[in-house]
Every structure is written in structure tokens, then in C-alpha cells.
Amino acid sequence: MPTLVVETGSVVADANCYVDLTYVRTYADNRGLTVSSRDTLLKQHIIAATDYLESRRFEYGGYKTTTTQTLQFPRTDLVIDKVVEVGKNTIPENLKMAQAQLCVEQALGNPLFPVPDSSTGGQVIQETVAAITVKYSETKSAGSKYRGVIFASVEVLLESMFSDGCTDSFLNAIRV
């Protein structure tokens, strides 16, 4: 039976998730959604959801609070919606909700990391519209930094924590 070690924001040793069974079930119940009623399966879903969230590590703003922490959160210098600074010992509620939503997706039979279809090649490297020519790369998933499925409901929750690569500087445009 899997064991959940919940990261609380205090850099918990060997943490493997951000939420527990009760959180996920309450999240689903409040929205009229369903997750597994079997504890073992739901724990597996929670851990898989953590893997999904961790695979997005290059997109989060801020920095890991310590170099020794297991997971990407807590983070230092994380600003949500470019306005709200998140405490360095805090796990954002949106992240917890995203993890719970990923458990719902799995309960619906949606794999977080589907196995690619071997009949298709890699990324499209050439495309012609008129005669409909498509050419695929020899290398499957070439150049892809992220290979999971994108879930709109999860994106809405996570996007406020993503770094857009901009600095805190603003430029004023003056018309002359």
C-alpha cells in the first residue's frame, strides 16, 4: 500500500505529495465530482498527480526554498498573478486544488502520461496545406520538454504560478 508523505511547506523529508485523501475527497465532493473510493488506488492517483505537477517544474515562478527538498514546493520569490507574494513556507491552494483535480481526471480514466502511439513519428517538421504534405521528425517527441497531457481545468489553477519569463521591469511607450 502506498504511503503519502505530505509536504506542508516546512520541507518535509521524502515528501511525495501536497494533499492527503481527505483533501482530495472533499475537493471532489464539493464539486459533485468522483474519485476512487479505494484508499490504495486514490493514494496512487495522488502520487501520480505529484509526478505530473513536478514535470511542470520549469514553468513555476520563483525558486525551490532549499536545494535538499524533495518537491518543487515550497518556493521562494513566488508571486501569484503578478500581485500576491506567496510565503516561502507555504503550499499554494491552487497547487493543492490542481493535484486534487488530477486525481479526478485519473478517476475518469484519463491517463496523465499516455504512452505515445508508435505508429506516429515525432514532431511535425514540415507541413504543406494545399497538397496536404506532413513530414514528421525521425525522433519521437524531439525537443519536447513536457510530454504529459494538458488538462484545461488544471491549467487554469496552475497558470497563475507560472513564470512568464518577464522581469519586474516595465517599459513605457511614448508616441512621438
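Residues numbered from 1 in each chain as written. Predicted model: local features only at pLDDT ≥ 70, side-chain atom pairs only at ≥ 80, totals over all residues. Heavy atoms only, no water.

Asker: Any chance you could explain the packing of helix α1 (residues 21-30) against helix α2 (residues 39-55) here in plain terms?
Answerer: Each pair of packed helices can be summarised by the angle the axes make with each other and by the distance between the axes. Direction vectors running N to C along α1 and α2 enclose 90°, while the axes themselves pass 10 Å from each other. One element, α1, and the other, α2, form an angle in the roughly perpendicular class. Counted together, Leu21, Val24 and Arg25 of α1 and Asp39, Leu42, Lys43 and Ile46 of α2 form the full contact between these two elements. The residue makeup of the contact of α1 with α2, split by class, is four nonpolar, no polar and three charged. (Axes fitted to C-alpha atoms, helices over the stretch in contact; angles between N-to-C directions. Helix = DSSP H or I, 4+ residues; strand = E, 2+ residues; numbered from the N terminus. Parallel < 35°, antiparallel > 145°, perpendicular 65-115°, else oblique. Contact = heavy atoms within 4.5 Å. Nonpolar A, V, L, I, M, F, W, Y, C, P; charged D, E, K, R; others polar.)

Asker: Quick question: what am I supposed to make of helix α3 (residues 93-107) here?
Answerer: Quick reminder: α-helices carry 3.6 residues per turn. Residues three or four places apart thus point the same way. Between the first and last C-alpha of α3 there are 21 Å, a value that for 15 residues agrees with the 21 Å anticipated at 1.5 Å per step. In terms of residue burial, α3 counts as a mostly covered element, since 11 of its 15 residues are buried. Within the sequence span of α3, burial applies to Leu95, Met97, Ala98, Gln99, Ala100, Gln101, Leu102, Cys103, Val104, Glu105 and Gln106. Following α3 by one or two positions, glycine 109 adopts a phi angle in the positive range, close to 90°. (Expected span 1.5 Å × (residues − 1). Buried < 20%, exposed > 50% of the residue type's maximum accessible area, 1.4 Å probe, protein only.)

Asker: How should the packing of aromatic side chains be read in this particular structure?
Answerer: Given two aromatic rings, one states the distance between the centres and the angle between the planes to describe the pair. Scanning the entire structure with this criterion turns up five aromatic pairs. Ring plane angle 50° and centroid distance 5.9 Å describe the contact between tyrosine 52 and phenylalanine 113, whose orientation is recorded as tilted. Linking tyrosine 52 in helix α2 with phenylalanine 113 in the loop between α3 and β5 (124-128), this pair joins segments that are 61 residues apart in sequence. Take tyrosine 52: its relative accessible area is 0%, and that puts it in the buried class. Its relative accessible area of 38% is what places phenylalanine 113 among the partly exposed residues. Lying across the ring of phenylalanine 73, arginine 75 places its NZ or CZ 5.6 Å from the centre. (Phe/Tyr/Trp six-rings, centres within 6.5 Å; stacked < 30°, edge-to-face > 60°. Lys NZ or Arg CZ within 6 Å of the ring centre and 35° of its normal.)

Asker: I would appreciate a short explanation of the pattern of salt bridges in the present structure.
Answerer: Oppositely charged side chains can form a pair if their charged atoms are brought close together. Scanning all chains against the criterion turns up three salt bridges. Arginine 56 is paired through a salt bridge with glutamate 59; the nearest N and O atoms lie 2.5 Å apart. Considered together, arginine 56 and glutamate 59 belong to a single accessibility category, that of buried residues. As a salt-bridge pair, arginine 56 and glutamate 155 come within 2.6 Å of each other at their nearest N and O atoms. With a gap of 99 residues between them, arginine 56 in the loop between α2 and β1 (63-64) and glutamate 155 in helix α4 (residues 152-158) connect regions that are remote in the sequence. Like arginine 56, the residue glutamate 155 is buried in the burial classification. What emerges from the salt-bridge pattern is a single network uniting Arg56, Glu59 and Glu155. (Salt bridge = Lys/Arg side-chain N within 4 Å of Asp/Glu carboxyl O.)

Asker: Honestly, the environment of aspartate 14 in this entry has me stumped. Any pointers?
Answerer: Note that aspartate 14 resides in the segment before α1. Excluding residues within four positions of it along the chain, aspartate 14 makes contact with Val5 and Thr70.

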